[in-house]
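An overview of the molecular structure
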Amino acid sequence: MTRSFDVATAPEHYGNHQLGIYAQGLKGQLPELPLRYEDMEARAREVLPPAAYWYVAGGAGETSMAANRSAFDRYRLLPRMLTDVSQRDLGRTVLGKRQVSPLMIAPLGVQEIIHDQAELGVARAAAAVDVPMILSTVSSFALEDVRKELGTTSGWYQLYWPNDDALATSLVQRAEKAGYEAIVVTLDTKMLAWRERDLDGAYLPFLKGQGLANYTSDPVFCAGLEKPPQDDMRAVVKHWSDVFAAPARTWDDLARLRDATKLPIVLKGVLHPEDAIKAREAGMDGVIVSNHGGRQVEGSIAAIDALAGVVDAVGARMDVLFDSGIRRGADVLKAIALGADAVLIGRPFAWGLACAGQAGVEEVLRRLLADIDLTLALTGNDSLDGLSRVSLAP
Ligand SMILES: Cc1cc2nc3c(=O)[nH]c(=O)nc-3n(C[C@H](O)[C@H](O)[C@H](O)COP(=O)(O)O)c2cc1C
Ligand SMILES: CCCCCCCCCCC(=O)C(=O)O
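Values in this document were obtained by computation on a predicted structure and should not be read as measured data.

About the thresholds
Residues numbered from 1 in each chain as written. Chains lettered and ligands numbered in written order. Predicted model: local features only at pLDDT ≥ 70, side-chain atom pairs only at ≥ 80, totals over all residues. Heavy atoms only, no water. Salt bridge = Lys/Arg side-chain N within 4 Å of Asp/Glu carboxyl O. Helix = DSSP H or I, 4+ residues; strand = E, 2+ residues; numbered from the N terminus. Near = heavy atom within 4 Å. Polar contact = N/O pair within 3.5 Å; in protein donor to acceptor, adjacent residues only side chain to side chain. Areas by Shrake-Rupley, 256 points an atom, 1.4 Å probe, with all protein chains shown as cover. Nonpolar A, V, L, I, M, F, W, Y, C, P; charged D, E, K, R; others polar. UniProt positions renumbered as here; feature names shortened; annotations may be inferred. Buried < 20%, exposed > 50% of the residue type's maximum accessible area, 1.4 Å probe, protein only. Arc of directions from axis to C-beta. Phe/Tyr/Trp six-rings, centres within 6.5 Å; stacked < 30°, edge-to-face > 60°. Lys NZ or Arg CZ within 6 Å of the ring centre and 35° of its normal.

The next point concerns the pattern of salt bridges. Tallied over the entire structure, the rule returns 24 salt bridges. Put simply, Asp-331 and Arg-69 hold a salt bridge, and the shortest N to O gap is 3.1 Å. Of this pair, Asp-331 sits in helix α15 (residues 329-337) while Arg-69 sits in helix α4 (residues 63-70), and the two are 262 residues apart along the sequence. When the shortest N-O distance is used, the salt bridge between Asp-312 and Arg-389 registers 2.9 Å.

Time to look at the site of ligand 2. Near ligand 2, the surroundings consist of Tyr-55, Val-138, Tyr-160, Leu-192, Arg-195, Phe-206, Trp-240, Ser-241, Phe-244, His-292 and Arg-295. Taking Tyr-160, its side chain carries an N or O atom lying 2.5 Å from an oxygen atom of ligand 2. The side chain of Arg-295 places a nitrogen or oxygen atom 2.8 Å from an oxygen atom of ligand 2. Burial of ligand 2 by the surrounding chains reaches 86%, relative to a free accessible area of 450 Å². Its residues assigned to classes, the shell around ligand 2 shows seven nonpolar, two polar and two charged.

Under the UniProt annotation, "domain: FMN hydroxy acid dehydrogenase" (unreviewed entry) lies at residues 29-394. Spanning residues 29-394, this segment combines 42% helix with 11% strand, and its end C-alpha atoms are found 43 Å apart.

On to α4, then. Each α-helix winds once per 3.6 residues, and so residues spaced three or four apart point in a common direction. Among all positions of α4, only Ser-64, Met-65 and Asn-68 are buried. Around the axis of α4, the buried residues are gathered within 105° of arc, so they sit on the same side.

Take the packing of aromatic side chains next. Per the counting criterion, the structure on display carries eleven aromatic pairs. Consider the rings of Tyr-215 and Phe-221, whose centres lie 5.5 Å apart with planes at 65°: the pair is edge-to-face. Both residues of the pair, Tyr-215 and Phe-221, count as buried. One aromatic cluster in this structure is built from Tyr-55, Tyr-160, Tyr-203, Phe-206, Tyr-215, Phe-221, Trp-240 and Phe-244. It is Arg-197 that lies over the ring of Trp-54; its NZ or CZ is 3.7 Å from the centre. A cation over a ring is seen here: Arg-295 above Tyr-55, with NZ or CZ 5.0 Å from the ring centre.

See below:
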């Protein structure tokens, strides 16, 4: 006999998403999107053109990408029993602001290759689940338009720091005016790595004018064009490729960027503890420990293996965030136990976007939150703030 189950009467926890799925099962309904991360990626692979799939899935070579995952297995949670976990708090304080969970949406460029809704759909999903979003400089919609979709949910703006200071200033000041709350400067992409999968398909979407909305909507960028951007896309791409890269930049240049905005600045792509110390000395507000999802330095350290060193160097004095390899709730707990203040979700939300647009991203976020909540409880903890290295097996 089938007994009825009403998820609405269950206590309010992110983990209830699990009960919701089982309750649908009682009505004969299976989840529309595959549950396992790996199966969701396989579904995305079916729906995306091969070049777009590989642009997201690929790395620079693939050993660092694989290491990002396998390294997580070397850290094991050490559960405690008979603690009261009836009330749980997934909140984290990041740049002085309390957020309801440790999750943030990582900056992923050129999302129009994944789904027509691109960053607008992702922003709507982020707002629905109240997960802060970091918008890439190389986005498919202009930063002002994406910010509007976030409503009251926090947005940060990720800067690809161009070699033209006036353009950099224009971008960060537009972000500040639009209501973004922090600037993330990505340091690990001074140039594009040797990406075998993309080279195999001779595929770089920016060269077709995709992902350039923040440039074509920028007065400083457009002042460098002879015609309006819509009238000469080849000139747009040429000018973009002239200004994008700034290989000569050093730590000393940060002072000018610091002066260009009142917003907190967070440096993304820091792996060495001494670079984290330099970031602090340069007046930065945080760092994101990341190897760009294994897309830049093939053979680099797995990002999770770099986290403790950076936390030990600067964690008491600035925020330390983490990305590269987060797939499941346990990964989030491990990163927080090692000292991360928050974690960025990258490829998993891209697969949700590919499979079902905004709804797919929302579902990925809700599932991850449920997994975090249940894993937290089952390890005997009632708050993420209570995790520390003691929560990991020695
Ligand atoms: C398709 C794609 C595009 C990306 N674009 C950007 C970007 O524009 N700016 C940036 O700072 N990082 C970018 N990243 C890196 C992510 O922000 C993040 O560091 C990475 O995805 C984390 O690895 P994971 O997705 O394997 O967890 C991109 C990653 C992917 C997969
Ligand atoms: C002149 C060509 C330079 C191309 C640079 C592209 C930057 C990559 C932007 C997106 C990204 O971060 C990614 O990982 O992909």
